[in-house]
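Structure at a glance
Take a look at the letters that make up each chain.
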Amino acid sequence: MGLQEKVMTEMKAAMKAKDTVALESLRAIKSAILLAKTEKVGTELSEEDEVKLVQKLVKQRKDSAAIYQQQGREDLAEPELAQVAVIEKFLPEQLTEEEIEKVVVQTIDSVGASGMQDMGKVMGIVSKELAGQADGKTISTIVKAKLSS
């Protein structure tokens, strides 16, 4: 079952349960899928494209919530974070920091990276390997820490 079918099934359940937060989140996913499909006329979205799409939606909401929290607007941040929880259900299982760290260390060893000048090389490999399983910010933080030590 593709992402669109899963979203439609969840939307029906959210409508029956009158869950407005879930419904709003699911409609956002559906809208993003339709937009992506119209951009790529004649082709289906790959699973990788679907994961990137969902990650983008999660990141947008997390960024919005962070801005609202900085401005002391918890009333606006809470719905954004609630939507994040709903949307994240459509992402593959996220790795822990320890698991990401193992992959980063292995990559640094295999590439022979010695300092911060090799960060781009390491980030590119690790980001491809962990696509959908970890966000770029976490990967970047761990890579910086490992290369600067």
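Summary of the structure given here. Only a predicted model underlies this, so the values are computations on that prediction, with no experimental measurement involved. (Residues numbered from 1 in each chain as written. Predicted model: local features only at pLDDT ≥ 70, side-chain atom pairs only at ≥ 80, totals over all residues. Heavy atoms only, no water.)

**What to know about the layout of surface pockets**
Going by this rule: Each cavity reported here is a set of points on a 1 Å grid over the protein atoms alone in which a 1.4 Å probe fits but cannot get out, each pocket an open set with protein on both sides within 12 Å along at least five of seven lines, and each lining residue one with an atom within 4 Å of a point. Grid points are joined across faces, edges and corners, and a volume is the space filled by probe spheres set on the points. Secondary structure elements follow DSSP: runs of H or I no shorter than four residues count as helices, runs of E no shorter than two count as strands, and numbering proceeds from the N terminus. Ten residue types, Ala, Val, Leu, Ile, Met, Phe, Trp, Tyr, Cys and Pro, are classed as nonpolar, four, Asp, Glu, Lys and Arg, as charged, and the remainder, Gly among them, as polar.
Looking at the largest pocket, its volume works out to about 660 Å³. Lining the largest pocket are 26 residues, and of these Gln 55, Ala 134, Asp 135, Gly 136 and Lys 137 sit closest to its centre. The set of elements that each furnish at least two residues to the lining of the largest pocket consists of helix H3 (47-70), helix H5 (97-111), helix H6 (119-129) and helix H7 (136-148). For the lining of the largest pocket, the element with the highest residue contribution is H3, accounting for eight residues. Looking at the lining of the largest pocket, its residues break down into eight nonpolar, seven polar and 11 charged. In this model, the second largest pocket occupies a volume close to 290 Å³.

**Brief notes about the pattern of salt bridges**
How we decide: We define a salt bridge as a contact between a side-chain nitrogen of Lys or Arg and a carboxyl oxygen of Asp or Glu at a distance within 4 Å. For every residue, the accessible area (1.4 Å probe, protein chains only) is compared with the maximum for its type, and the residue is labelled buried under 20%, exposed over 50%, or partly exposed between those bounds.
With the rule as written, the count across this model stands at six salt bridges. Asp 63 serves as the salt-bridge partner of Lys 59, at 2.9 Å between the closest nitrogen and oxygen. Of this pair, Lys 59 and Asp 63 both sit in helix H3, four residues apart, roughly one helical turn. Lys 59 gets classed as exposed once you look at its relative accessible area, which sits at 52%. Given a relative accessible area of 36%, Asp 63 falls into the partly exposed group. Ionic pairing is found between Lys 121 and Asp 118, a salt bridge with its closest N-O pair at 3.9 Å.

Keep in mind these numbers describe shape, not what the thing actually does.
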